[in-house]
Amino acid sequence: MPHTLHARAVLLDMDGTLVDSTAVVERLWLEWAKPHGLDPAQVLSVVHGRQGHQSMAIMLPDRDHAINLRENDEMLARESGDVEGVVEITGAAAFLDALRELPHAIVTSANVPLMTARMQAAGLTVPALTITAESVTDSKPHPEGFLTAASTLGIDPADCVVFEDSEAGVQAGLAAGMRVIGVGAHAASHGATYSVADLTQVSVTAAEDGFTLTLA
């Protein structure tokens with residue numbers, strides 16, 4: 001049964017929500033993890049949705065955080081230079097076009113160079129407002145990124161709808177007091193308010209004091 005939500009702003013994660021970068025993310029992170037003897041399944045359960053240094057801190061809790069920060073910079077540079085296999089999540093370009101004149105933002109754990117590289121590789125237009133790793137102190141699942149986007153747009157968090165795919169991202173959106181639409185096969189299991197298989201299942205219609213999102 002279709003669901004219709006009234007909103008005044010949409011806040012979009014990037015990886016897994018607008019851009020399918022799973023192959024490169026998992027390849028590079030498993031390469032990083034191998035010398036540490038980490039279980040690949042644990043690595044893949046941690047790295048999606050978070051800033052890299054936070055993922056490292058979870059997997060190597062006794063390591064000096066300064067090392068994590070340095071290696072995170074190195075990882076971001078490698079990720080920015082490797083966009084092989086990065087493609088649009090089905091429906092992302094059309095959805096961004098529908099939002100073009102409406103308040104919306106990207107809220108991503110990537111930094112600006114990585115966000116730009118992946119959005120370009122997927123053929124997607126970057127929104128005017130982006131909240132990236134440089135914009136926040138705390139990574140998802142902390143709600144800071146989503147709250148910063150809402151504040152910058154001048155929209156009450158309760159009037160924002162988040163689109164996310166990862167557990168950390170869903171938790172961040174809910175912690176911000178926002179409704180969360182999970183994107184992809186696993187998003188519903190992360191506690192999203194609603195879920196869709198991809199962005200072709202979302203339509204946008206102008207409405208009084210905002211717009212409506214209809215989920216097929």
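Scroll up for the structure.
Note that the coordinates shown come from a computational prediction; the quantities given were computed from them, not determined experimentally.

Caption draft 1: Summary view of the overall build of the chain. For the chain, the helix and strand inventory stands at eight helices and eleven strands. Referenced to the eigenvectors of the C-alpha coordinate spread, the extents of the chain come out at roughly 55 × 30 × 30 Å. Relative to its full complement of 216 residues, the chain shows a buried share of 48%. Pairs at least 24 apart in sequence give 63% of the contacts found in the chain among residues at least 6 apart. About 9500 Å² of surface is accessible on the chain, with carbon and sulfur atoms providing 52% of the total.

Caption draft 2: Here's a closer look at empty space enclosed by the protein. According to the stated counting rule, one finds one cavity of 30 Å³ or more in the structure shown. Its volume calculated, the largest cavity comes out at about 70 Å³. In terms of lining residues, the largest cavity is bounded by 13 residues, among which Thr-108, Ser-109, Val-136, Lys-140 and Gly-145 are the most central.

Caption draft 3: Examining the sheet that holds strand E11 (residues 210-215) more closely. If you trace the three strands from one edge of the open sheet to the other, you get E1-E11-E10, paired in antiparallel fashion. Of all strands in the sheet, those bounded by a partner on one side alone are strand E1 (3-7) and strand E10 (202-207). Adjacent strand axes in the sheet meet at a mean angle of 25° when their direction is disregarded. One ladder, built from five bridges, connects E1 with E11; its direction is antiparallel. The residue bridging His-6 from the neighbouring strand is Thr-212, located in E11.

Cut-offs applied
- Residues numbered from 1 in each chain as written.
- Predicted model: local features only at pLDDT ≥ 70, side-chain atom pairs only at ≥ 80, totals over all residues.
- Heavy atoms only, no water.
- Helix = DSSP H or I, 4+ residues; strand = E, 2+ residues; numbered from the N terminus.
- Buried < 20%, exposed > 50% of the residue type's maximum accessible area, 1.4 Å probe, protein only.
- Contact = heavy atoms within 4.5 Å.
- Areas by Shrake-Rupley, 256 points an atom, 1.4 Å probe, with all protein chains shown as cover.
- 1 Å grid on protein atoms, 1.4 Å probe; cavity = no way out; pocket = protein on both sides within 12 Å on 5 of 7 lines; lining within 4 Å.
- Points joined across faces, edges and corners; volume = space filled by probe spheres on them.
- Pairing = 2+ DSSP bridges.
- Axes fitted to C-alpha atoms, helices over the stretch in contact; angles between N-to-C directions.

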